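Breakdown of the fold
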Amino acid sequence: MRSPIVLVHGLHGGSWVWRYVTPLLTARGFEVVTPTLTGTGDRAHLLSREITLETHIEDIIATIEMCDLQNVLLVGHSYGGLVVTCVADRLTSRVRHMLYLDALVGLDGKTGFDILPPAMAQIRRERVRASGADIAFPVPPLAAITFPEGARKEWFVSHLRPHPVGTYQTPVRLSKPAGAGLPVTYIAYENPALASIEPSRAYAREQNGWHYRSETLPHDAEVIYPERVASLIAELA
C-alpha cells in the first residue's frame, strides 16, 4: 500500500498552495492531506498573538491522528520544515519518510529567527514591528516573488496572508536530532537559491544518512511547476 502524503505549507501560505500538485498525486492513487496551519490561508481569521510554533505542530499531529494516518510521507516546504521536524520527533512511529522541500530544518533550542541569516532575521523583525502590529509577518511585496509575471503569479499573490510571528519566536524542542532517525530527503530549490533557506541547506548537506539533491526550481515551485514537484514527491511515496 502506498504511503499517505501530508503536505505542510510555508510562510504566508495555506492548503491552497498545493492546489495544482494535489490532483496530480491523487491521479496516481495517493491519499493526500493538505492541512492549513492556524492563522494562515483559509484560517487567517484566527490570526492572533497567541499562535506559536507549538500551535502549528499540534495542527499537524491532530490531522495525522484524526485521519488515522500511518506510514506517512511527511513533507514540509519552507517554514513548514520547522513544523515537520517537530511532528516527526513526536510521531516517529507514524512517519515512514521525511521530505524537506527547500525548507527550514528545526534545531533543538533554536527559534525560527535563530536559524535565519542574522541580517535577514533583523529585517523580518523590523517588518513585523512596522507593518505587522507585532503580530504577524506582513505579506511580502510583489518584487519578492521569484517567478515570472502572469496569471499564476497574480493568483499566488492574491492568496498570500500575514503569518503569525510567534511561530518564529518559539524555541524548537526535540527529543532526537532533526530527522528523528527516519529516512530523510532534502531537495534544495536553487533558481534562485533563497538566502533565508541557505543555513538549513548547509545543515542538510552535512547530515550523514540524509539524501540531499538540488533542483533548478524557484522557491514556490509547487505553484508554477506542479508536475515536477508532484514527481519529486511521488518518487518517495
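The structure under discussion appears in the preceding block.
Right, let's walk through the structure included here. What you see is a predicted model; the values in this text were computed from it and never measured.

**Considerations on the environment of Tyr 79**
Looking at the element boundaries, Tyr 79 is found in the loop between β3 (72-77) and α3 (80-90). As for Tyr 79 and Leu 116, which are separated by 37 residues in sequence, their C-alpha atoms are 11 Å apart. Setting aside anything within four residues of it in sequence, one finds Tyr 79 in contact with His 9, Gly 10, Leu 11, Leu 37, Leu 53, His 56, Leu 104, His 163, Thr 167 and Tyr 168.

**Some details on the nonpolar core**
Membership of the largest hydrophobic core comes to 45 residues, with the highest contact counts inside it found for Val 6, Ile 60, Leu 74, Val 87 and Tyr 100. Ranked by residue count, the leading element in this core is α3, at six residues. With residues up to four places along the chain from it excluded, the contact list for Leu 74 reads Val 6, Ile 60, Ile 64, Val 84, Val 87, Ala 88, Val 95, His 97, Met 98 and Leu 99.

**Notes on the sheet that holds strand β1 (residues 5-8)**
Ordered in space as β2-β1-β3-β4-β7-β8, the six strands form an open sheet in which the pairing is parallel. A single partner strand is all that each edge strand has here, and the edge strands are β2 (32-33) and β8 (211-215). Sheet topology note: the strand β4 (residues 95-101)/strand β7 (residues 184-189) ladder contains four bridges and is parallel. Its bridge partner lying in β7, Met 98 is registered against Val 184. Against the sheet, helix α2 (residues 53-66) contacts β1, β2 and β3, and its axis sits at roughly 160° relative to β1.

**Quick notes on the environment of Arg 205**
Locating Arg 205 in the fold gives a position in helix α7 (residues 198-205). Since its relative accessible area comes to 43%, Arg 205 is described here as partly exposed. Remark: the alpha-carbon pair of Arg 205 and Gly 14, spanning 191 residues in sequence, is separated by 28 Å. Sequence-distant contacts of Arg 205, that is, excluding residues within four places in its chain, are made with Glu 198 and Tyr 212. Side chain to side chain, Arg 205 and Glu 198 meet in a polar contact 2.7 Å long.

**Some words on the packing of aromatic side chains**
We describe a pair of aromatic rings using the distance from one ring centre to the other and the angle between the two ring planes. Within the structure shown, the criterion is met by 11 aromatic pairs. Measuring from centroid to centroid gives 5.3 Å for Trp 16 and Trp 155, while their planes differ by 80°, and the two rings are edge-to-face. Of this pair, Trp 16 sits in the loop between β1 and α1 (22-26) while Trp 155 sits in helix α5 (residues 151-159); the two residues are 139 residues apart in sequence, bridging distant segments of the chain. Judged by relative accessible area, Trp 16 falls into the buried class, the value being 11%. Looking at Trp 155, the relative accessible area reads 14%, which means it is buried.

Thresholds, definitions, all that
Position labels on residues start from 1 in each chain and follow its written sequence. Residues qualify for local features only when their pLDDT is at least 70, as the model is predicted, and side-chain atom pairs are given and counted only at 80 or more; totals for whole chains, interfaces and linings, by contrast, use all residues. Neither water nor hydrogens contribute to the side-chain values; these are computed over all heavy atoms in the structure. Secondary structure elements follow DSSP: runs of H or I of four or more residues count as helices, runs of E of two or more count as strands, with numbering from the N terminus. Whether two residues are in contact is decided by their heavy atoms, any of which lying within 4.5 Å being enough. Buried residues of nine kinds, namely Ala, Val, Leu, Ile, Met, Phe, Trp, Tyr and Cys, make up a nonpolar core once their side-chain atoms join them within 4.5 Å. Note on classification: 1.4 Å probe, protein chains only; a residue is buried when its accessible area is under 20% of the maximum for its type, exposed when over 50%, partly exposed between these limits. Being paired, for any two strands, means DSSP has found at least two bridges between them. With axes taken as lines fitted to C-alpha atoms, and helix axes fitted only over the stretch in contact, angles between N-to-C directions fall between 0 and 180 degrees. Whenever a nitrogen or oxygen atom comes within 3.5 Å of another N or O atom, the pair is scored as a polar contact, on the condition that within protein one atom can donate a hydrogen and the other can accept it, and that pairs from neighbouring residues in sequence are kept only if both atoms are in side chains. Any Phe, Tyr or Trp ring, taking Trp's six-membered ring, that has another such ring centre within 6.5 Å forms a pair; planes under 30 degrees apart are called stacked, those over 60 apart edge-to-face, and the others tilted.

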